[in-house]
Amino acid sequence: MKTKVIQNFSNEDLRKDLLMSEYDFFDGDEFITFNIYDINFDSSKITVAISNRGKISLDTLDLLQDKKGNLFFEYGLYGEIKIALNDFMEVA
């Protein structure tokens, strides 16, 4: 079950560590690259830059939390792809 992010995740250090982190997701044909642009723990929103097949878009999505406390957002036409924040890596 997914729920909105609880207030105890409003740690500013966590936010700073995740900004501009990158994750590459392979959808079966192409890699889709996600870069974290902004995180707002108060409103449970995340803004990501998405590079998909040569097109770059900026999208604000709901930030969710699973039963184990892991943060993620859903991507895709029907939200079928779950992207965990733990999968993001800092880009040097």
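What you see is a predicted model; the values in this text were computed from it and never measured.

Calculation criteria
- Counting starts from 1 at the beginning of each chain's written sequence and moves along it residue by residue.
- Per-residue local features of the predicted model are confined to residues with pLDDT of at least 70, and side-chain atom pairs are confined, for both listing and counting, to 80 or more; whole-chain, interface and lining totals are unaffected and use all residues.
- Hydrogen atoms and water are omitted, and side-chain values are computed over all heavy atoms in the structure.
- Helical segments are the DSSP runs of H or I of at least four residues, strand segments are the runs of E of at least two, and each set is numbered from the N terminus.
- Buried residues are those whose accessible area, probed at 1.4 Å on protein chains only, stays under 20% of the maximum for their type, while exposed residues exceed 50% and partly exposed ones sit between those limits.
- Whether two residues touch is decided by their heavy atoms; if any such pair falls within 4.5 Å, the residues are in contact.
- In what follows, salt bridge is the name for a side-chain nitrogen of Lys or Arg lying within 4 Å of a carboxyl oxygen of Asp or Glu.
- Strand pairing is assigned whenever DSSP detects at least two bridges linking the two strands.
- Between the N-to-C directions of two axes lies an angle of 0 to 180 degrees, each axis being a line fitted to C-alpha atoms and, for a helix, fitted only over the stretch in contact.
- Confidence per residue, as judged by the predictor, is encoded in pLDDT with a range of 0 to 100.

### Quick word on the overall build of the chain
Scanning the chain for helices and strands turns up one helix and eight strands. Along the chain, from the amino end to the carboxyl end, the secondary structure elements read β-α-β-β-β-β-β-β-β. Looking at the 92 residues of the chain, the share that counts as buried comes to 37%. The contacts in the chain between residues at least 6 apart in sequence include a share of 37% that link residues at least 24 apart.

### Considerations on the pattern of salt bridges
The tally for this structure, following the rule as stated, stands at two salt bridges. Put simply, D27 and R53 hold a salt bridge, and the shortest N to O gap is 2.7 Å. Separated by 26 residues along the polypeptide, D27 in the loop between β2 (22–26) and β3 (31–40) and R53 in the loop between β4 (45–52) and β5 (55–62) bring together distant segments of the chain. Taking relative accessible area as the criterion, R53 reaches 45% and is therefore assigned partly exposed. The residue K45 makes a salt bridge to D62 at a minimum N-O spacing of 2.6 Å. Of this pair, K45 sits in strand β4 while D62 sits in strand β5, and the two are 17 residues apart along the sequence.

### What to know about the sheet that holds β4
Spatial ordering of the open sheet is given by β2-β3-β4-β5, a layout of four strands whose pairing is antiparallel. The open sheet has two edge strands with one neighbour each: β2 and β5. Going across the sheet, the axis of each strand differs from the next one's by a mean of 30°, ignoring polarity.

### Quick word on the confidence of the model for the chain
When pLDDT is averaged along the chain, the result is 83, and 84% of the positions lie at 70 or above. Mean pLDDT across the elements of the chain ranges from a minimum in strand β1 (residues 3–4), with 48, to a maximum in β5, with 95. Confidence over residues 1–7 falls short of pLDDT 50; this stretch has 23 contacts with residues more than four positions distant or in other chains.

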